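Coordinates in review
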Amino acid sequence: MQPNCHLLLQNIKEAIIMLDKDGYIQYSNPATTTITGYTANELLNNHLSLIYSNKEDSLRADYELRQAFKNGKFLVEGWKLSKNGDKFWCEISLTPLYNEQEEHVGYSCILHDTNDRKKHEIELRQSEERYRLMVEGVRDYAIFMLNPTGHIITWNEGARRTKGYSSYEIIGKHFSTFYTAEDLEDGKPERELKIAIATGKYEEEGWRVKKNGSVFWANVVITSLFNEQNQLIGFSKVTRDLTDRKENEESLRQSEERYRSLVEQVTDYGIFMLDEKGRIISWNEGARRMKGYNPDEILGKYFSIFYPEEDIMNGKPSHELRVAREVGKYEEEGWRLRKDGTMFWASVVITAVYNHTNTLIGYSKVTRDLTERKASERALRDSYERYRQLSEELKATNDELMLANQEMEQFTSIVSHDLQEPVRTIKSFLQLIDMKLNQGQYEDLKTYISKSINASNRMKELIQNLLSYTQVSKKEIAEDEIRVEELFNIALQNVKTTVETTNAEIIIESDVDTIHGDSIQLVQLIQNLLSNALKFTDVDSPRIMIKCNKEDGQVKFAITDNGIGIAEEDLGKIFEIFRRLNTKKEYPGTGIGLAICKKIVDRHRGRIWPVSEKGKGTTFYFTINEEKVEKLPLLQ
């Protein structure tokens, strides 16, 4: 079942992401790369907010994760950001995940690219915008719309009965047709449109002219209409009887006056009223300080002016009003816009307001700026994250130091023993020489001196090898691109004399062109292994095979000989410094060559191991990383 599940995840067209419980990405399928442009490795261990339109928007991502955990699922649409910086509209579904012990372990995140669908929705919304605003913005008898210049573009049955014009007679004419000569001379029609634009609505009572030339006393309401981008798209005009409406308006005016007196004194909260369509009809001091708008700049505007672009495109303002109507209140935290274009994180409560007949008359909206509080929470979380990373780094450093100390203790013990051995030899022969001289005996002195010189030469050789061993770890490693063929040729050239002397046969098989690493150290590695293969043999014509191939993402080398082999119980000892498995007389050397080989392989992030049987030859395998690493380690 698991292979089938993996195959499904790899081929499904939806982007599927696994998050840990803090929102960090643990897995992503290939469709995620197709949609976001990030590879799985680039997404791994990054926060989900990496693909948000504001890359620093971890607040929003964390909020959405909390909502998913709280409600069992969270579904939202909005802009996301691909690797190359392009925005794309997608639907994101977050679901909490639990293990068999019902412990919360993370989230599943499904991304669905809905760019085409959203484009269609926007086009449909624009085509319906004028009609919707007209129908929802007015309620009484003569109802028609004007374009932004005041020309009539719609005409209803109530307008025909009130004014006397049929639609084909009046559509396209300027609405000043209905005004008296005195009002036209005074520029009243143009002034009313300007007031409606500035305040959101113009309302008055006065004389108007019908088609037959007669006049009637009318209550006129001109309402400016703005789309969700707060752009003027025209006006709605309603003409009706004034009597009953005037009484209601006076009652409402007195109620609003009491409300304004109460809330205008509040400075820490933005408190204002919306009409039933979402236009702002009151504005307190707290709202002015928080949002940056003076009352004359904001009254009459649709409250979507405070929302980011993607919230507007997602229909969020109208959704909030709908929820407030249905359940009485809408409450959330989210980004809001100030007048200067900056954003702040806000706590928002929208409450539906009804009159005594249970008729919706608008909404109250209370906003609180939580930016500073959220910044403190984020700083605390960032501090925790820094301390967590520091703790992990310290633990890794302590582990490295522990290993280094163990290696140093072993190194010190072995070096102390091996370096003292030639010193004891020199001291013993010098004591013999001194004794012989005191006794006046001069025979054997030359032999003693020769053996002392041999011991000092061995000590010199040990010290030189020790320096070579330490230099492998101390010197910063190069990061070259090396041709494998050239690597073998240099190493073979360095042991050419021994190859010719021993009449050895060398066979090379390689299907790898280049590798990355330190060319000098890799030559030394191969040279040391070849020298051992040529040295530890008891046949007349040694036969050595060198192989190189790619295996499991690594380059794998193998050097095989037909020499004396290694006993199984000794295989784990051969990389110890100064470890010798044979006598110096039979096979001279210091026992440091393989220790150097292991150091070089470790630095290239690989492994080295022998496969051998006593008397049947040995194969040394070693690997190095196939991919070039950013910086190879500098061991101490």
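These remarks concern the structure in this document.

What characterises a pair of aromatic rings is the spacing of the ring centres plus the angle enclosed by the ring planes. In total, this model carries 18 aromatic pairs according to the counting rule given. Judged by centre distance (5.2 Å) and plane angle (90°), the rings of W79 and W89 are edge-to-face. Taken together, the positions of W79 in strand β3 (residues 74–81) and W89 in strand β4 (residues 87–98) put the pair 10 residues apart, joining distant regions of the chain. A connected cluster of aromatic rings, assembled from ring pairs, spans F144, W155, Y165 and F178. The side chain of K291 reaches across the aromatic face of F306, ending 4.1 Å from its centre.

Right, let's talk about the sheet that holds strand β2 (residues 25–28) for a bit. With respect to topology, 5 strands assemble into an open sheet ordered β2-β1-β5-β4-β3, the strand pairing being antiparallel. The sheet is open, and its two edges are formed by β2 and β3, each paired on a single side. Recorded for the sheet is a direction-independent mean angle of 30° between the axes of neighbouring strands. In terms of strand pairing, strand β1 (residues 15–20) meets strand β5 (residues 104–113) through 6 bridges, oriented antiparallel.

Because side chains alternate across strand β19 (residues 608–612), one face comprises the buried residues I608, P610 and S612, and the other comprises W609 and V611, none of which is buried. The loop that links β19 with its antiparallel partner strand β20 (residues 618–625) comprises 5 residues; one of these, G615, has a positive phi angle of about 80°.

Let's shift gears to the nonpolar core. Formed by 38 residues in total, the largest nonpolar core has its most connected members in I515, L525, I526, L529, L530, F557 and F622. Breaking this core down by element, the ones donating at least two residues are α17 (484–494), α19 (519–535), β17 (543–551), β18 (554–560), α20 (593–603) and β20. Considering each element in turn, this core owes the most residues, 8 residues, to α19. The contacts of L525, once residues within four sequence positions are left out, are C597, I600, V601, I608 and F622. In this structure, A287, M290, I312 and L321 belong to the second largest nonpolar core, which totals 24 residues.

Another point: the packing of α17 against α19. In contact at an axis separation of 9 Å, α17 and α19 are set at 55° when each is read in the N-to-C sense. For the element pair α17 / α19, the angle class is oblique. Considering how the two elements wind past one another, α17 and α19 form a crossing that is right-handed. Taking contact as the criterion, the partners of L487, F488, I490, A491, L492 and N494 in α17 are, on α19, S519, L522, V523, I526, Q527 and L530. Classifying every residue of the contact of α17 with α19 gives 9 nonpolar, 3 polar and no charged.

Let us look at the pattern of salt bridges. Applying the stated rule across the entire model yields 35 salt bridges. Across the pair E285 and R289 runs a salt bridge whose closest N-O atoms are separated by 3.2 Å. You can see E285 and its partner R289 sitting in helix α11 (residues 285–291), 4 residues apart, about one turn around the helix. Among the residues examined, E285 registers a relative accessible area of 25% and is labelled partly exposed. Residue R388 is joined to E385 by a salt bridge in which the shortest nitrogen-to-oxygen separation is 2.2 Å. On the criterion of helical spacing, the pair formed by R388 and E385 is a turn pair, its members being 3 residues apart in helix α15 (residues 371–438). Several salt bridges converge on common partners, so that one network encompasses R60, E64, E310 and D311.

The rules behind these values
Residues numbered from 1 in each chain as written. Predicted model: local features only at pLDDT ≥ 70, side-chain atom pairs only at ≥ 80, totals over all residues. Heavy atoms only, no water. Phe/Tyr/Trp six-rings, centres within 6.5 Å; stacked < 30°, edge-to-face > 60°. Helix = DSSP H or I, 4+ residues; strand = E, 2+ residues; numbered from the N terminus. Lys NZ or Arg CZ within 6 Å of the ring centre and 35° of its normal. Pairing = 2+ DSSP bridges. Axes fitted to C-alpha atoms, helices over the stretch in contact; angles between N-to-C directions. Buried < 20%, exposed > 50% of the residue type's maximum accessible area, 1.4 Å probe, protein only. Core = buried A, V, L, I, M, F, W, Y, C linked by side-chain atoms within 4.5 Å. Contact = heavy atoms within 4.5 Å. Parallel < 35°, antiparallel > 145°, perpendicular 65-115°, else oblique. Left-handed = near helix turned anticlockwise from the far one by under 90°. Nonpolar A, V, L, I, M, F, W, Y, C, P; charged D, E, K, R; others polar. Salt bridge = Lys/Arg side-chain N within 4 Å of Asp/Glu carboxyl O.

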